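What follows is the residue order along each chain.
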Amino acid sequence: MKAMKQSVILLIIIPAIMLASCNSIAPPDNPGSHHIGEYSISYNVSGYGTYEAKIRYPATSDGELSLKDISDAPYPGIVVSSGRGGGEWSVIWISEHLTSHGYITLGFTPPDMYSNSTTQWAAGFTEGIEQLKIQNHNVSSPIYGLLDTDKFGVIGFSMGGAGCIEAAGAADTEIDAAVPLAPSGYNASYITATMHAAINISMPIQLQVGSNDSLVPPQRVIPFYTDLIPERTVKEYIEISGGNHIGFLTWDFAEIAVYLEIEPRANVGFEEQRRISGYYFTAWFQYYLKGLDGY
């Protein structure tokens, strides 16, 4: 399952049999072995305002300010974001899943959840990495000394996915691996900030989208893979058969979106879409941030 540059994939089934010969690795679609500690912070970015954030970290028990688990430290950091109209709570499953697999995650809510500025989300990712480093060096922080300050990932959904691409394409980025989920930011009529950033991406990047996404359909994600992200960059495109846009949200928020008629229920089912998504983005980070060949 070593990740490679590859042609367009239409994902239909999960090749779970491939894990049979890798008994030493945890299945990436299952929760990991770590308990989850958590606490809240906020940080300010000039020109945008205050970002509210939740940091989650491997702990000896689940809960707020739980004692950190140093057994596999140091842990890479991953910054997580939802999309327009959402906050860190609307993709909490991503943060919790990755933390259980041995990552320190920072999920942020941007100052203006309804902004059309992808750069607001990009700034959240960039400063989120800085905040993790600050917390790691603060002796009173729950994650003091726990972070691998040389390895950082980002994962974002929709507008957060566009911000993920923009942050990854910045000249001075510290990002080592990226996963945009149903990223917005593509326009066939003009070059957006997201598109401009995509041409500068050099770290491994995995793009995911649902085949039935009516808000950011595959034809608005595929060009990032085929035309914008350089050929020399390790990249992967995953299209989840029967998946849609809101299927990347935490269960209760996906159900609310159905009730509000934002989008119909995913044909593949919300739980299955999240399982497939988590299977691939967890394997991606395990390989590119931790160097675990089994993934």
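Scoring rules and cut-offs
- Residues numbered from 1 in each chain as written.
- Predicted model: local features only at pLDDT ≥ 70, side-chain atom pairs only at ≥ 80, totals over all residues.
- Heavy atoms only, no water.
- Helix = DSSP H or I, 4+ residues; strand = E, 2+ residues; numbered from the N terminus.
- Contact = heavy atoms within 4.5 Å.
- Polar contact = N/O pair within 3.5 Å; in protein donor to acceptor, adjacent residues only side chain to side chain.
- Buried < 20%, exposed > 50% of the residue type's maximum accessible area, 1.4 Å probe, protein only.
- Expected span 1.5 Å × (residues − 1).
- Salt bridge = Lys/Arg side-chain N within 4 Å of Asp/Glu carboxyl O.
- Axes fitted to C-alpha atoms, helices over the stretch in contact; angles between N-to-C directions.
- Left-handed = near helix turned anticlockwise from the far one by under 90°.
- Nonpolar A, V, L, I, M, F, W, Y, C, P; charged D, E, K, R; others polar.
- Phe/Tyr/Trp six-rings, centres within 6.5 Å; stacked < 30°, edge-to-face > 60°.
- Pairing = 2+ DSSP bridges.
- Right-handed = clockwise from strand over helix to strand, strands pointing away.
- Patch = residues over 30% accessible without salt bridge, like charges linked within 9 Å, V, L, I, M, F, W, Y side chains within 5 Å.
- Areas by Shrake-Rupley, 256 points an atom, 1.4 Å probe, with all protein chains shown as cover.

Colleague: How should I be thinking about the environment of Thr 119 in this particular structure?
Modeller: The residue Thr 119 is located in helix α2 (residues 118-136) in this model. Between the alpha carbons of Thr 119 and Ser 277 there is a distance of 25 Å; along the sequence they are 158 residues apart. Residues within four places of Thr 119 in sequence aside, it is in contact with Tyr 48 and Glu 166. Within polar-contact distance, the side chain of Thr 119 engages the side chain of Glu 166 at 2.7 Å.

Colleague: Any chance you could explain unusual backbone geometry here in plain terms?
Modeller: Peptide bonds are mostly trans, and most non-glycine residues show a negative phi. The amide bond that connects Ala 73 to the next residue, Pro 74, takes the cis arrangement and shows omega of 5°. Note that Pro 74 resides in the loop between β4 (63-64) and β5 (75-81). For Ala 182, which is not a glycine, the phi torsion comes out positive at approximately 45°. Among the structural elements, Ala 182 can be located in the loop between β8 (177-181) and α4 (193-198).

Colleague: Just checking my understanding: could you explain helix α3 (residues 159-168) for this structure?
Modeller: Since one α-helical turn is 3.6 residues long, residues separated by three or four positions face the same way. Taking burial as the measure, the 10 residues of α3 include 10 buried ones, the bulk of the element. Among the residues making up α3, those that are buried are Met 159, Gly 160, Gly 161, Ala 162, Gly 163, Cys 164, Ile 165, Glu 166, Ala 167 and Ala 168.

Colleague: It is not clear to me how α2 should be interpreted in this structure. Could you clarify?
Modeller: Counted at 1.5 Å a residue, the expected span for α2 with its 19 residues is 27 Å, and the 28 Å between its end C-alpha atoms agrees. Of all 19 residues that make up α2, 14 are buried, and the element is covered over most of its length.

Colleague: Just checking my understanding: could you explain the pattern of salt bridges for this structure?
Modeller: When charged atoms on two side chains of opposite charge get close, those side chains can pair. Going through the model one piece at a time under the given rule, you end up with 9 salt bridges. With a closest N to O distance of 3.7 Å, Glu 38 and Lys 54 form a salt bridge. Taken as a pair, Glu 38 in strand β2 (residues 35-45) and Lys 54 in strand β3 (residues 49-59) lie far apart in primary sequence, 16 residues in all. Glu 38 is the salt-bridge partner of Arg 56, the closest N and O atoms lying 3.6 Å from each other.

Colleague: So what exactly am I meant to see when it comes to the packing of α2 against α3 here?
Modeller: Between α2 and α3, whose axes approach to 7 Å, the crossing angle comes to 65°. Judged by the twist between their axes, the crossing of α2 over α3 is right-handed. Contact with α2, carried on its side by Thr 118, Thr 119, Trp 121, Ala 122, Phe 125 and Thr 126, involves Met 159, Gly 160, Ala 162, Gly 163, Cys 164, Glu 166 and Ala 167 of α3 and no other residues of that element. Each residue belonging to the contact of α2 with α3 can be placed in one class, and the counts come to 7 nonpolar, 5 polar and 1 charged.

Colleague: Could you clarify how one ought to interpret the packing of aromatic side chains in this entry?
Modeller: The description of two aromatic rings rests on the distance between their centres and on the angle between their planes. Applying the stated criterion to the full structure yields 12 aromatic pairs. Arranged with centres 5.7 Å apart and planes meeting at 70°, the rings of Tyr 51 and Phe 108 form a pair that is edge-to-face. With Tyr 51 in strand β3 and Phe 108 in strand β6 (residues 104-109), this pair connects stretches of sequence that are 57 residues apart. Its relative accessible area of 0% is what places Tyr 51 among the buried residues. The rings of Tyr 43, Tyr 51, Phe 108 and Phe 125 are connected pair by pair, giving a single aromatic cluster.

Colleague: I keep staring at the pairing of strand β7 (residues 147-157) and nothing clicks. Help me out?
Modeller: Regular strands place their side chains on alternate faces of the sheet. Burial analysis of β7 places 8 of its 11 residues in the buried class, which makes it a mostly covered element. Bridge count for β5 against β7 is 6 bridges, and the pairing is parallel. From the neighbouring strand, Gly 77 faces β7, where its bridge partner is Phe 152. Of the pairings in the sheet, the one linking β7 to β8 comprises 5 bridges and is parallel in character. For Ile 155, the partnering residue across the bridge sits in β8 and is Val 179. Crossover handedness for the path β7 to α3 to β8: right-handed.

Colleague: It is not clear to me how the environment of Ala 168 should be interpreted in this structure. Could you clarify?
Modeller: For Ala 168, the location among the structural elements is in helix α3. Considered as a pair, Ala 168 and Met 203 are 35 residues apart in the sequence and their alpha carbons are 7.6 Å apart. Each residue touching Ala 168, except ones within four places of it in the same chain, is listed here: Thr 173, Ile 175, Ala 178, Ile 201 and Met 203.

Colleague: Help me understand a nonpolar patch on the surface in this model?
Modeller: A contiguous nonpolar surface patch, about 530 Å² in accessible area, is contributed by Leu 215, Ile 256, Tyr 259, Leu 260 and Ile 262. As for its placement among the helices and strands, Tyr 259 is situated in helix α6 (residues 251-259).

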